[in-house]
Amino acid sequence: MAADGRRIRVDALARVEGEGGLHVEVRDGRVEEVRLDIYEPPRFFEAFLRGRDFREAPDITARICGICPVAYQMSAVHAMEDALGVSVGGQLRELRRLLYCGEWIESHALHIYMLHAPDFLGYEDAIRLAKDHPKIVERGLALKKTGNELVALIGGREIHPINVRVGGFYRVPEKADLRGIAEKLKRARDASLETVRWVANFEFPDFEPEYEFVSLRHPAQYPLNEGRVVSSKGLDIDVHEYRERFAEEHVRHSNALHSVLKGRGAYFVGPMARYSLNFARLPASAREAAREAGLGAVCRNPFKSIIVRAVETLFACEEALRIIDAYEKPPAPAVEIVPRAGEGCAMTEAPRGGLYHRYRLDSEGRITDAVIIPPTSQNLKSVESDMRQFVQQSLHLDDAALTLRCEQAIRNYDPCISCATHFLTLHIERR
Amino acid sequence: MKPRKAAKPRLAVFKFASCDGCQLSLLDCEDELLAVAGAVEIANFLEASRAVVEGPYDVTLVEGSITTAHDAKRIREVRAQTKVLATIGACATAGGIQALRNFADVKAYTSIVYAHPEYISTLETSTPIAAHVPVDFELRGCPISKAQLLELVAALLHGRKPNLPAHSVCIECKRRGTVCVMVAHGTPCLGPVTHAGCGAICPAYERGCYGCFGPQETPNTASLAASWKALGVPRAAIARAFRSFNAGAEAFRKEGDAHGG
């Protein structure tokens, strides 16, 4: 290392899902390169889906991610139903939203309490945070548990639920089965509101990049499974046009593909995008909590994504309670499916953002081609560009503080490297 | 393993090719997590903490399968610094869903997924941890059961053998009082050859077991395949059923090969 430079190196970025590294090069006080090295090994899902039966896609693609398996199942079944010309409505649609609410609560509570909050409060992990603030961590764990219980009730188990199928479910709950979880969801709703108030008091650096936000937008509801693909810069397309407007690039340092909006470049998906594009569709209680926490109708500070996740957790509790209250057991657990040749696609809102699936089927319902674009790969370009800007404005910090700040910044995005590789060791080189 | 008297036993969790779901199971033990964290020193668990204590470790949980030359080397280093090594889940124990590459041409796979296959460094196979280093205990499942994970950790910390039943899912259905979906409804089910541990969830949700816990101790896969055939299940579908999340487990691999190319 030259006498005028510094080298900082941390061997593994923690509290993210999956494995990767951040490589930063600084020369003469300027950030020259920021690179997310993704070394999570490739698992080739799109390849081995070829030749599988269309009915297997929800169970197989769930295994891409243990944190958001429901998202994979939801995108898979909606894409298959699109290919097979089937529409699933009524209470089956509502049950799918209910299951997804469980995953949002579980995944957001995990990220807020176990992965992200320790950074703001100067702890290495939630276990150490719990030593000083047991009640807070217990509240987070209880919230997470309720989300998991909801997924397990509808889906059969928390991780890789077994009850989701193309056309609906294998078994649907009786109305009485949902009564117990409703009581827990009421407590989770209170805990979510307390969570919004708690995280709103954290200290946030001034940092507001110019994002092009992309998310689903449904005419009336906060988006989960359906809607048009819209952006903060005027994009408004049907999901069938997705591949015409978005592209994936393969870069050398990464086992994940980077997505771009054709002719425009980086874009951003996830809680901040959803929130900023759908604020009016949040229930009144969630809008009120957001305002009370100091958020406007748009949030562009990625450090404040922790508040947005808490607001979305509150939404998910409200939405789950709404669905349970109106639930009537549907006459059949699934719509009947007849295999046929076709092509179908869908995007749904995983906790981390839009998750796109596209399949081609032959006349017997065998998958001949599969494309899966997870939220983290859609965000990688924006994350790299954010990190370049953020490191540049933080160069006054010493190496240890800068390293911690970079790790925290990466965790803002709740990256799921397991998903993106179908991400983090930190290397900062100052020359 | 006997816990050291002076200090808490050191627990480490390492990840290889996987979905993160099995290590998440530990964080999903919401009621027990803080108690577990109080009984051990969580010395290396990157998904949960940025604090990393160097080895050696008393108990190491390993998630994921070996799919790269780098990981084949890394698992040896992990083994060298731990007293007890337990694998958690179908990837670490049988190679996982990604072991489907073992039946195909990886170069073709790489070019299906990636525009520049030359950037990708990967092995031809996905193999379980036991194919590389000695393993002391194996937890089955895709994902593992939280109850079995807690039993394993508690047993290891107390220096006793974990109580992990080796019978089939059928026994769990009987215990749960679930009517046999195969006998009563003619639904093809892998329960008779599949390792217990999940609590027989699928039949309770009116679908057949799909074998995510892998083969039980003495699976009569040929007999089960014959029953499936009698139910009218096509040969290719029987092969696919054995070639899923535990495709690399010996008994399932053989039965899958008997029905597929």
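Whatever comes next refers back to the structure up there.
For every chain, the first residue of the written sequence is number 1, and numbering continues from 1 onward in sequence order. Going through the entries in the order they are written, you letter the chains from A and number the ligands from 1. Where local features are concerned, this predicted model is filtered to residues with pLDDT of at least 70; where side-chain atom pairs are given and counted, the filter is 80 or more; whole-chain, interface and lining totals use all residues.

1. Side note on the overall build of chain B
Then, number 1: Under the DSSP-based scheme used, a helix requires at least four consecutive residues in state H or I and a strand at least two consecutive residues in state E, with every element numbered from the N terminus. The number of helices and strands found in chain B is twelve helices and five strands.
Then, number 2: Radius of gyration here uses only the C-alpha atoms, and the compact-globule reference equals 2.2 Å multiplied by the residue count raised to the power 0.38. Taking 2.2 N^0.38 as the reference for a compact globule, 261 residues should give roughly 18 Å; the C-alpha atoms of chain B span a radius of gyration of 19 Å, in line with that estimate.
Then, number 3: Expressed as lengths along the three principal axes of its C-alpha atoms, the size of chain B is roughly 60 × 50 × 25 Å.
Then, number 4: Neighbour counting defines burial: a residue surrounded by 20 or more other C-beta atoms within 10 Å of its own C-beta is buried, one with 12 or fewer is exposed, and intermediate counts give partly exposed, using backbone-placed C-beta atoms. Expressed as a percentage of the 261 residues in chain B, the buried residues total 54%.
Then, number 5: For chain B, the proportion of contacts with a sequence separation of at least 24, taken over those separated by at least 6, is 72%. Two residues form a contact once the distance between their C-beta atoms, set from the backbone, is within 7 Å.

2. Focus on the overall build of chain A
Then, number 1: The helix and strand tally for chain A stands at 14 helices and 14 strands.
Then, number 2: Against the compact-globule benchmark of 22 Å for 431 residues, chain A has a radius of gyration of 21 Å, which places it among compact chains.
Then, number 3: Here the C-alpha coordinates of chain A stretch approximately 75 × 45 × 35 Å along the principal axes.
Then, number 4: Burial statistics for chain A: of 431 residues in total, 57% are counted as buried.

3. Some points on the sheet that holds strand β6 (residues 214-217) of chain A
Within a beta sheet, neighbouring strands are joined by backbone hydrogen bonds and run either parallel or antiparallel to one another.
Residue and element names in this part refer to chain A.
Then, number 1: Read from one edge to the other, the open sheet built from three strands follows the order β6-β7-β8, with strand pairing classed as antiparallel. This sheet does not close on itself; its edge strands, each paired only once, are β6 and β8 (236-237).
Then, number 2: Pairing geometry for strand β7 (residues 228-231) and β8, over two bridges, is antiparallel. Within β8, the residue paired with V229 across the bridge is I237.
Then, number 3: With respect to the sheet, helix α9 (residues 271-278) is in contact with β6 and β7, its orientation differing from that of β6 by roughly 50 degrees. At least two bridges found by DSSP between two strands is the condition for calling them paired. Angles here are taken between N-to-C directions and fall from 0 to 180 degrees, while the axes themselves are lines fitted to C-alpha atoms, restricted in helices to the stretch in contact.

4. What to know about the nonpolar core
Then, number 1: By definition, a nonpolar core groups buried Ala, Val, Leu, Ile, Met, Phe, Trp, Tyr and Cys residues that connect through C-beta atoms lying within 7 Å of each other. Of all hydrophobic cores here, the largest spans 187 residues; its most connected members are M80, I105, V311, L314 and A320 of chain A together with V62 and I88 of chain B.
Then, number 2: Of the residues forming this core, the biggest block, 14 residues, is contributed by helix α4 (residues 90-121) of chain A.
Then, number 3: Residues in contact with I105 of chain A, not counting those within four places in the same chain, are L143, T146, G147, L150, A188, T313, A316 and C317 of chain A.
Then, number 4: With 17 residues, the next largest nonpolar core counts V24, V26, I38 and M387 of chain A among its residues.

5. Regarding unusual backbone geometry
Then, number 1: Cis geometry marks the peptide bond from G55 of chain B to P56 of chain B; its omega dihedral reads 5 degrees.
Then, number 2: Within the element layout of this structure, P56 of chain B appears in the loop between β2 (41-45) and β3 (57-63).
Then, number 3: Even without being a glycine, H160 of chain A presents a positive backbone phi close to 50 degrees.
Then, number 4: Considering the arrangement of structural elements, one finds H160 of chain A in the loop between α6 (134-155) and β4 (164-165).
Then, number 5: Taking the C-beta count within 10 Å as the criterion, H160 of chain A has 25 such neighbours and is therefore assigned buried.

6. A short note on the environment of Y72 of chain A
Residues and elements named next belong to chain A.
Then, number 1: Looking at where Y72 falls in the secondary structure, it is placed in helix α3 (residues 69-83).
Then, number 2: On the neighbour-count criterion, Y72 (29 C-beta atoms within 10 Å) is buried.
Then, number 3: If near-sequence neighbours (up to four positions away) are discounted, Y72 is found in contact with T61, A62, I64, C65 and L355.

7. A closer look at the interface of chain A and chain B
Then, number 1: Contacts between the two partners involve 48 residues from chain A and, on the opposite side, 47 residues from chain B.
Then, number 2: For the side of chain A that touches chain B, the elements supplying multiple residues, two or more each, are α1 (45-48), α2 (57-62), α4, α5 (126-132) and α6 of chain A.
Then, number 3: By residue number, the principal contributor to the side of chain A that touches chain B is α6 of chain A, which donates five residues.
Then, number 4: Basically, the charged four are Asp, Glu, Lys and Arg, the nonpolar ten are Ala, Val, Leu, Ile, Met, Phe, Trp, Tyr, Cys and Pro, and anything else, Gly included, counts as polar. When its residues are assigned to classes, the side of chain A that touches chain B shows 20 nonpolar, ten polar and 18 charged.

8. Some details on the sheet that holds strand β1 (residues 10-15) of chain B
All names here are of chain B.
Then, number 1: A sheet is described by the order of its strands in space; here five strands give the open sequence β2-β1-β3-β4-β5, paired in parallel fashion. Each end of this open sheet is capped by a strand with a single partner; those strands are β2 and β5 (137-139). Taking the axes of each pair of neighbouring strands and ignoring which way they run, one obtains an average angle of 20 degrees across the sheet.
Then, number 2: Where β1 meets β3, five bridges bridge the pair, whose relative direction is parallel. Paired with A12 across the bridge in β3 is T60.
Then, number 3: Contacts between helix α6 (residues 146-158) and the sheet are confined to β3, β4 (82-88) and β5, with β5 contributing the most and set at about 160 degrees to the helix.

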